[in-house]
Amino acid sequence: MSIAETGAAPSPTAHLFSPLFAQPEGSPIRELFPYLSRPGMLSLAGGYPSPGLFDAEGLQQAAIDALQQDAAASLQYGASEGQPALREALASLCAMRGIACTPADMLVTTGSQQAFDLLVKVLIEPGDPVLVEVPAYPATLQALKLARAQIVAVPTDGQGLDTEALASLLAQWPHARAPKMLYTVPNFSNPGGTLLPASRRAALVELARRHGFAIVEDDPYGELRFEGQREPSIYETAQALYGAQAHPVVYLSSLSKTVAPALRIGWMLADAQLLRRCTIAKQTADLCTSPLAQLIAAHYLRSGRYAPQLDKACAEYAARMGALCSGLQQALGGQIRFVRPQGGMFVWAQLLAPQGYAGTPEALARALFAAAVGQGVLYVPGKAFFPAEAAQQAGLCMRLSYAAPTVPQITEAVARLGRAWAQAAAA
Ligand code: PMP
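Analysis parameters
- Residues numbered from 1 in each chain as written.
- Predicted model: local features only at pLDDT ≥ 70, side-chain atom pairs only at ≥ 80, totals over all residues.
- Heavy atoms only, no water.
- Near = heavy atom within 4 Å.
- Polar contact = N/O pair within 3.5 Å; in protein donor to acceptor, adjacent residues only side chain to side chain.
- Helix = DSSP H or I, 4+ residues; strand = E, 2+ residues; numbered from the N terminus.
- Nonpolar A, V, L, I, M, F, W, Y, C, P; charged D, E, K, R; others polar.
- Domains from an automatic or database assignment.
- Contact = heavy atoms within 4.5 Å.
- Salt bridge = Lys/Arg side-chain N within 4 Å of Asp/Glu carboxyl O.
- Core = buried A, V, L, I, M, F, W, Y, C linked by side-chain atoms within 4.5 Å.
- Buried < 20%, exposed > 50% of the residue type's maximum accessible area, 1.4 Å probe, protein only.

Novice: Describe the site of the ligand, naming the residues involved and giving the relevant values.
Specialist: As a structural note, the neighbourhood of the ligand is formed by 14 residues, with Asp-218, Tyr-221, Ser-254, Ser-256 and Arg-264 the closest of them. Asp-218 places a polar side-chain atom, nitrogen or oxygen, 2.6 Å from a nitrogen atom of the ligand. Interatomic distance of 2.5 Å between a side-chain N/O atom of Tyr-221 and an oxygen atom of the ligand. A per-element tally of the shell around the ligand places helix 5 (residues 111-123) first, with three residues. By residue class, the composition of the shell around the ligand is five nonpolar, six polar and three charged.

Novice: I'd love a proper account of the side chain of Ser-50, names of residues and values included.
Specialist: By secondary structure assignment, the location of Ser-50 is in the loop between strand 1 (42-43) and helix 2 (56-69). Within the structure, the side chain of Ser-50 is placed 3.3 Å from the side chain of Arg-320, a separation counted as a polar contact.

Novice: Requested: an account of the domain arrangement of the protein, with residues and values cited.
Specialist: Per the domain assignment, the segments making up the protein are domain 1 (25-54 + 308-426) and domain 2 (56-302). Relative placement of domain 1 and domain 2: their C-alpha centres are 26 Å apart. The partner domain 2 presents 31 residues to the 32 residues of domain 1 that form the contact. Across the domain 1-domain 2 interface, the total number found is one salt bridge. Glu-25 is the partner of Lys-145 in a salt bridge, and the nearest nitrogen-oxygen pair spans 3.5 Å. Inspection of the domain 1/domain 2 interface yields eight residue pairs in polar contact (both at pLDDT 80 or more). Among the elements of the structure, helix 12 (306-332) and strand 11 (346-351) are those that each provide at least two residues to the side of domain 1 that touches domain 2. Of the residues contributing to the side of domain 1 that touches domain 2, the split by class is 21 nonpolar, eight polar and three charged.

Novice: So what's going on with the nonpolar core? Which residues, and what values?
Specialist: Ranked by size, the top nonpolar core spans 137 residues in total, and within it Leu-255, Met-268 and Leu-328 carry the most contacts. Counting residues per element, this core draws most heavily on helix 12, which supplies eleven residues. When residues of this core are assigned to domains, at least three fall in each of domain 1 (25-54 + 308-426) and domain 2 (56-302). Those residues within four positions of Leu-328 in sequence are excluded, and the remaining contacts are Gly-333, Ile-336, Phe-338, Val-347, Leu-400, Val-414 and Leu-417.

This is the structure in structure tokens:
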């Protein structure tokens, strides 16, 4: 999919576009947006949190507190590292997740998306190999592509990144340059919905130490857990094995899924020298993350409303996930495979082509998407989550999000998906 060009006239600046932006591809998920405005469309496509779970009242109070108590700091430029009050509050939040850190270990970023972009700027030169779990979060693939990194796909299974496959890949490394970093979402991944077991987290840290690459642990979903035990973060696993500051793990997180994406508050924990370089890179990106947003977030986190709000979100998402999974079983039964997530916002599902189907999986995937749009339901086709070279691996996979639609909407959406599949598979 290429980004929609507005206007038919040739651009007077077209000859100036850098080669990377001559034929750019936009986010494959954002390109589904036009379908959303069709009347009656039900969407399992977005990764948006439920608007019904926004604590507008609590954030309104936090905004008043920020502007009454910290007016000057809220409205002025601030340090690129972030507001001290927010860094304190986020360090306490990390402690609740089992991560020991101080505000000095942290850079506040404009969403965790910016944190990844800064790391890419600081670490990656064109042609550098970067290990990425696949299926992968599309914006990560996009950022790496724009940096002209060499994306090296690491397979996943029902428990997330396959560390044995990674060890074999590293043992027979086929590329001239060593890998610089590895990207993973270990908790309720996007799109896989999987939770990486503790033993694989420790194995990853060992591999990073042995082969000299950094691990980027992206964790926007870890607190949205419905069942089971919290697994130790990779960051904390590395701290326990090698001590603070002596390990190559960078931890990224965000308030987007637990408070509100509009705040655009993310953060990064990294060793002092890497953090300083990312801070310098941030200076040319946006000078600082909105101090007003940071102080609203700081007051909100101190207000005591975060934990009960999170409990509410987990209960609601668990109910929606249950509705999606039982609906899929009912509508598609033996023709679909998926792992029931223990948290997060996503189900990664694979449909099985009917016996004797003569066409290619890609053709069937396209027919299914067209039939689904016709039936009034959207999902994200699997190929959005693979690097272009590996797109054929996507087959009949899809990402379904249960976060934004209500239970009755999910039930209806899945029934429509069942009808779309029957239509596509019979054609
Ligand atoms: N990482 C992952 C895995 C995500 O799913 C998202 C949001 N969809 C982000 C990062 C970016 O989040 P933020 O709003 O903090 O930039």
